[in-house]
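# Structure at a glance
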Amino acid sequence: MNEYGDDHGALREDAVWMREHLQQHVIIGGTLFAHAMRPDPTGRDVDTHLWGRPDGSSPLYRLPKGVTHSVHGHTVVDEPVTAEASDGSIVWFIDTGAVHTGILTALDTASWTTTELSAH
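Residues numbered from 1 in each chain as written. Predicted model: local features only at pLDDT ≥ 70, side-chain atom pairs only at ≥ 80, totals over all residues. Heavy atoms only, no water.

## Section: the overall build of the chain
Within the chain one finds three helices and seven strands. Mapped in sequence order, the helices and strands of the chain form the string α-β-β-α-β-β-β-α-β-β. For the chain, the spread of C-alpha atoms along the principal axes amounts to about 50 × 40 × 30 Å. Buried positions account for 28% of the 120 residues belonging to the chain. For the chain, restricting intrachain contacts to residue pairs at least 6 apart in sequence, the fraction spanning at least 24 positions comes to 31%. Positive and negative charge centroids in the chain, built from 7 and 17 side chains respectively, lie 12 Å apart. (Helix = DSSP H or I, 4+ residues; strand = E, 2+ residues; numbered from the N terminus. Buried < 20%, exposed > 50% of the residue type's maximum accessible area, 1.4 Å probe, protein only. Contact = heavy atoms within 4.5 Å. Lys, Arg positive; Asp, Glu negative; His and termini not counted. Charge placed at Lys NZ, Arg CZ, Asp CG, Glu CD.)

## With respect to the environment of Thr42
Tracing the backbone through its elements, the reader meets Thr42 in the loop between strand E2 (31–34) and helix H2 (48–51). Of the residues examined, Thr42 reaches a relative accessible area of 41% and is grouped as partly exposed. Polar contacts involving the side chain of Thr42 include one to the side chain of Asp40, which spans 2.8 Å. (Polar contact = N/O pair within 3.5 Å; in protein donor to acceptor, adjacent residues only side chain to side chain.)

## Things to note about the pairing of strand E5 (residues 90–93)
The two faces of a sheet get side chains in turn, since along a regular strand they alternate between them. Across four bridges, strand E3 (residues 69–72) lies against E5 in parallel orientation. Note on E5: the bridge partner recorded for His69 is Ile90. As judged from the four bridges shared by strand E4 (residues 81–84) and E5, these two strands associate in the antiparallel manner. Bridging across to E5, Thr82 finds its partner in Trp92. Counting the residues between successive antiparallel strands, the hairpin from E4 to E5 contains five residues, one of them, Gly88, with a positive phi of roughly 90°. (Pairing = 2+ DSSP bridges.)

## As for a nonpolar patch on the surface
Nonpolar side chains collect at one region of the surface, where Trp17, Met18 and Leu22 lie side by side and expose about 320 Å² of accessible area between them. Relative to the assigned elements, Trp17 resides in helix H1 (residues 8–21). Here Trp17 falls in the partly exposed class, since its relative accessible area comes to 46%. (Patch = residues over 30% accessible without salt bridge, like charges linked within 9 Å, V, L, I, M, F, W, Y side chains within 5 Å. Areas by Shrake-Rupley, 256 points an atom, 1.4 Å probe, with all protein chains shown as cover. Salt bridge = Lys/Arg side-chain N within 4 Å of Asp/Glu carboxyl O.)

## Some details on a negative patch on the surface
Together, Asp6, Asp7, Glu13 and Asp14 line one region of the surface with negative charge. Within the secondary structure, Glu13 is located in helix H1.

## Remarks on the side chain of Thr31
Among the secondary structure elements, Thr31 is positioned in strand E2. Ignoring anything within four residues of it in the chain, the contact list for Thr31 reads Val26, Val67, His69, Val71 and Trp112.

## Focus: the layout of surface pockets
Of the pockets and cavities examined, the largest pocket occupies roughly 410 Å³. Along the walls of the largest pocket sit 13 residues, with Met18, Arg19, Leu22, Gln24 and Leu50 positioned nearest its centre. For the lining of the largest pocket, the elements supplying multiple residues, two or more each, are H1, strand E1 (25–28) and H2. The element contributing the most residues to the lining of the largest pocket is H1, with four residues. (1 Å grid on protein atoms, 1.4 Å probe; cavity = no way out; pocket = protein on both sides within 12 Å on 5 of 7 lines; lining within 4 Å. Points joined across faces, edges and corners; volume = space filled by probe spheres on them.)

In structure tokens, the structure reads:
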């Protein structure tokens, strides 16, 4: 369903607001949360955090000092995937396709356990 209908002006306004106000990633405690992949710490690769894929085609950048885990969506996986990066940090991919299945995967970062939540 397209909530904007033919109102392309409202769509553009919302897109501009998101670009100007939303953070590219968030760090809470020792965990970085990003849409797709870890952001490039040099700032040169401006797309990986939004569009990168965990299939080896996108780099897994190092985390900022004191951050030991990162959590990502964007690429649908059959079940949550966790791996140790070459620097010893841990990466999680938890997008299990809720937009298609109605089942959202939540990650408890205190215990590092996942739970499936159903919209039904």
